[in-house]
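Architecture at a glance
Now for the letters of each chain:
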Amino acid sequence: MLPEISRRSFLKWSAVVGAGAAAGVAAGGGSKLLVPSASAEAPAPPVTVTPHVCSMNCGSGNCVLMLHVQDGVVTRIDTDQQDLPWSPAQRGCLRGRAMRQQLYHPDRLKQPMKRVGKRGEGKFEPITWDEAYDMIAQNLDRIIKQYGNQAVFYIYGTGVMNPVFKSWPTGIVNRLLNQLGGYLNYYGTYSSAQYAFANPYTLGNGGNNSADDLVNSRLIVLFAENVAETRQGGGHQYYWYVQAKKRGAKVIVVDPRLSDTAKAIADEWIPIRPTTDNALINALAYVMITENLHDQAFLDKYCVGFDDEHLPEGAPPKSSFKSYVLGEADGVPKTPEWAERITGVPRETIVRLAREIALTKPCALVQGLGWQRHAYGEQPVRALPVLAAMTGNIGISGGGNGTRPGGKSAPSLSFPLGTNPVKASISVFQWPDAITRGTELRAKDGLRGVEKLDSNIKFIWNYAGNCLINQHAEINHIRKILEDESLVEFILVHDIFMTPSARFADLLLPDRSSFERTEMGRDASIQGDRLYYAPAAIEPLYDTKDVYEICTAVAERLGVAEAFTEGRTMEQWQEWMVEQLRAKNPDFPTFAELKKNPLIKGTEKPPVIGMQAFIEDPEKNPLNTPSGKIEIYSDRLAKMGQEWGIPDELPPIPKYIPAWEGPEAPAELRERYPIQLIGHHVKRRVHSTHDNNPWLEEVEPQMLTLNEIDAAERGIRDGDMVKVWNDRGEIHVRCRVSKTIMPGVADLPQGAWYTPDANGVDTRGCINVITKYHPSPGAKGNPQHTNLVQVAKL
């Protein structure tokens, strides 16, 4: 059943723009961009400029987009041009500037649909909204009554990121489910699970210096950090790296590939084999210790477990970090020669880098998130802060604690969720296990809050997310789970496109884009405090509805509408949020003032120096660790590893542990699959968002990058089609032959939409066809950079 549309709307949307306008070929087919046509007879209507923000999850913090609107149509996207001394212009990147191609894409979902074929086939038929609401309510009610609320799972998704219409981790759907008795929680993220798990065991609540303090650094060493591609928006982290470079800082980048960040600002690129960063850090520590370059006084005063003299009570002898590095614990000194064999970094480079880090002050050691998305990603997260402590760079301007750059806090707007009566929580990455063996999960499997689950997952609500298939590991394994309707009994997907995940829906709902709803939020990140109110720029297209309207209709059917809405419209909730903030912050503008002045940049704030108070007086300002100090040796991790039966995988000090698919994998496996495959975040996508954007496909087509040495051995030339495979699946994709990646390593950017042919071979370049579903030991998180593959010319 098609939605009713007016004659004017039909005529307005009947035109297809020709080659002279912004038409292009979409990544998944040959569709042209559909935009309204103007009448040649009527005078041109006036153009208004509507401020908006980019709500995608790149980490840049909602860059400003200025939408040029004519006769109800977005005709152009500009951006912020106002530079302030403390807040550079929030200029949108190529992704934000290309959002018009998403808004008017012909493949937008236009009406609710229900599945008619087998799950995963992508066959649907239109239904009415009332039928859709009934399906949601009936299945929720049935499953909760039959299995309990733990059977309901609101899966992780980041396609919508603002305080109200938020797909993760808190938003409108959470409020509805709480009114119904709750749902199975998750903790962590696909991006940062290992980081979030491991860092508190070393630093407790110790935050890092804000990025604008980088201008005071003399040396900056980036480990797996690629902000020039991942967070391109103006005024964010990359901006401050550039400013530091202009102020004379030397920049070194450690990464398997010559990233855009390395190309743009690095004085030196040090290639390293994936999964081996901890071996490099251990060898750097070895040089500092044996050459007496470390700050022993700092370690004695502020740290636990660096040496045997400062181990916690009850720790085994020779279990300190120093004993491990010197080989006193296992008979293997972590020398530069030892590390060279593992990492591929020359011993001379290791020695020089160790001396440079130790002797240059202040030095900022910064980690990205790429290196923690591997088999034992918890280890380097804890290891780099040890180097920061060994060199006494913590708590000083221009230095840092070896984690990710911090931000500047400010009170935030928040939507009231209520309380989830369900206390059970699983790792964000582990929902497939909660489907197939949920009732068997225990603490050692990452289950928190309860001893065991009462039910496996039976209902999945997927809003603005593509982790159901595309962004999860080992797609061929996951699709078998989802295709089995005896496992998950109902899957609801609410999105703007028929994504690979949407093809597995039982009920598919068309969402509105951010330009078709009012966005509101507050950003208090790198540059300081910024507030925004972004009204809908155009009337909603097609027969789409926002998530609040959907949840309200479902709440009415389930008898909780009054508790859910409290009698408020969405605009009234937004006003309520502002008033709640004003109650604690009287200087905060009123809702009416915010609507008149929708983009407010805060006042200048000095850089944050992380852990400064602790360094100045550790007795009065202890860290949130059992000792109150930096715990290089964590007694809590030692006990956890023993209780879970994995002491070698979850050690109390940061160690190098060979990955299951890395340079020290079994020889037979390495012979079959000799190439390590990683999947970096590219500038043309935010995770999987924009993979079908025609403009961005022109900017950066999906390609595998292979070193020229490996390519020559296989007879592969630049531009050839290749197959990439292992035991988990096969991908066909075009190859880029280059010197920008080290030999033995290949890179296939993550986020391409899974597009299998009749034989199940992916034809788009979706890396998760060949990644492994094997949660990391501590966080039970995403290890998707841990892959061995073979590559051959097609």
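Residues numbered from 1 in each chain as written. Predicted model: local features only at pLDDT ≥ 70, side-chain atom pairs only at ≥ 80, totals over all residues. Heavy atoms only, no water.

**Focus: the overall build of the protein chain**
Where we set the bar: A run of H or I in DSSP counts as a helix once it spans at least four residues, and a run of E counts as a strand once it spans at least two, with each numbered from the N terminus. The atom set for the radius of gyration is the C-alpha atoms, and the globule formula is 2.2 Å times the number of residues raised to the power 0.38. To sort residues, take the accessible area from a 1.4 Å probe on protein chains only and compare it with the maximum for the residue type: under 20% means buried, over 50% means exposed, and anything in between is partly exposed. Residues count as neighbours in contact if any of their non-hydrogen atoms are within 4.5 Å of one another. Where accessible areas are quoted, they stem from the Shrake-Rupley method and a 1.4 Å probe; at the residue level, only the protein chains shown are allowed to cover.
Scanning the protein chain for helices and strands turns up 26 helices and 26 strands. Radius of gyration (C-alpha) of the protein chain: 26 Å, near the 28 Å computed for a compact globule of 794 residues. Over its C-alpha atoms, taken along the principal directions, the protein chain stretches across nearly 80 × 60 × 55 Å. Out of the 794 residues belonging to the protein chain, those deemed buried represent 63%. Expressed as a percentage of contacts within the protein chain between residues at least 6 apart in sequence, the contacts between residues at least 24 apart total 73%. Surface exposure of the protein chain reaches about 29,200 Å², of which carbon and sulfur atoms provide 50%.

**With respect to the confidence of the model for the protein chain**
Just so we agree on the cut-off: For every residue, the pLDDT score states the predictor's confidence, bounded by 0 at the bottom and 100 at the top.
Averaged over all residues, the pLDDT of the protein chain equals 91, while 93% of them reach at least 70. Confidence drops under a pLDDT of 50 for residues 1–31, and excluding neighbours within four residues, the segment shows 55 contacts in the predicted structure.

**Description of the sheet that holds strand 10 (residues 268–270)**
Rule in force here: We treat two strands as partners when DSSP finds at least two bridges between them. Note on geometry: axes are lines fitted to C-alpha atoms, helical ones only across the stretch in contact, with angles between N-to-C directions running from 0 to 180 degrees.
Judged by pairing direction, the sheet is parallel, and its four strands sit side by side in the order 10-9-8-12 without closing on themselves. A single partner strand is all that each edge strand has here, and the edge strands are strand 10 and strand 12 (363–367). The sheet shows a mean angle of 15° between the axes of neighbouring strands, taken without regard to direction. Strand direction decides the pairing type here: strand 8 (residues 219–223) and strand 9 (residues 250–254), joined by five bridges, are parallel. If you follow L222 over to strand 9, its bridge partner there is V253.

**Some remarks on the sheet that holds strand 1 (residues 47–53)**
What the three strands build is an open sheet, ordered 1-2-3; its pairing is antiparallel. Strands with a single pairing partner mark the edges of an open sheet, and in this sheet they are strand 1 and strand 3 (73–79). Sheet twist, expressed as the mean angle between neighbouring strand axes with direction ignored, is 30°. For strand 2 (residues 64–70) and strand 3, the ladder comprises six bridges, and the chain directions are antiparallel. The residue of strand 3 that forms the bridge with L65 is T79.

**Comments concerning the side chain of N693**
Convention followed: As used in this structure description, the phrase polar contact means that two N or O atoms lie within 3.5 Å; if the pair is within protein, one of them must be able to donate a hydrogen and the other to accept it, and residues adjacent in sequence are counted only when both atoms belong to side chains.
Position of N693 relative to the elements: it lies in the loop between strand 21 (675–678) and helix 25 (694–699). Within polar-contact distance, the side chain of N693 engages the backbone oxygen of A98 at 3.0 Å. Here the side chain of N693 touches W695 through a polar contact of 3.1 Å, landing on its backbone nitrogen. Once residues lying within four places of it in the same chain are set aside, the contact partners of N693 are A98, Q101, Q102 and R684.

**Here's the deal with the pattern of salt bridges**
Applicable threshold: We count a salt bridge whenever a side-chain nitrogen from Lys or Arg sits within 4 Å of a carboxyl oxygen from Asp or Glu.
For the coordinates displayed, the defined rule picks out 47 salt bridges. R437 is the salt-bridge partner of D433, the closest N and O atoms lying 3.6 Å from each other. In this structure, E697 and R684 form a salt bridge, with 2.8 Å as the shortest nitrogen-oxygen distance. You can see E697 sitting in helix 25 and its partner R684 sitting in the loop between strand 21 and helix 25, a full 13 residues away along the chain. A relative accessible area of 17% means that E697 is categorised as buried.

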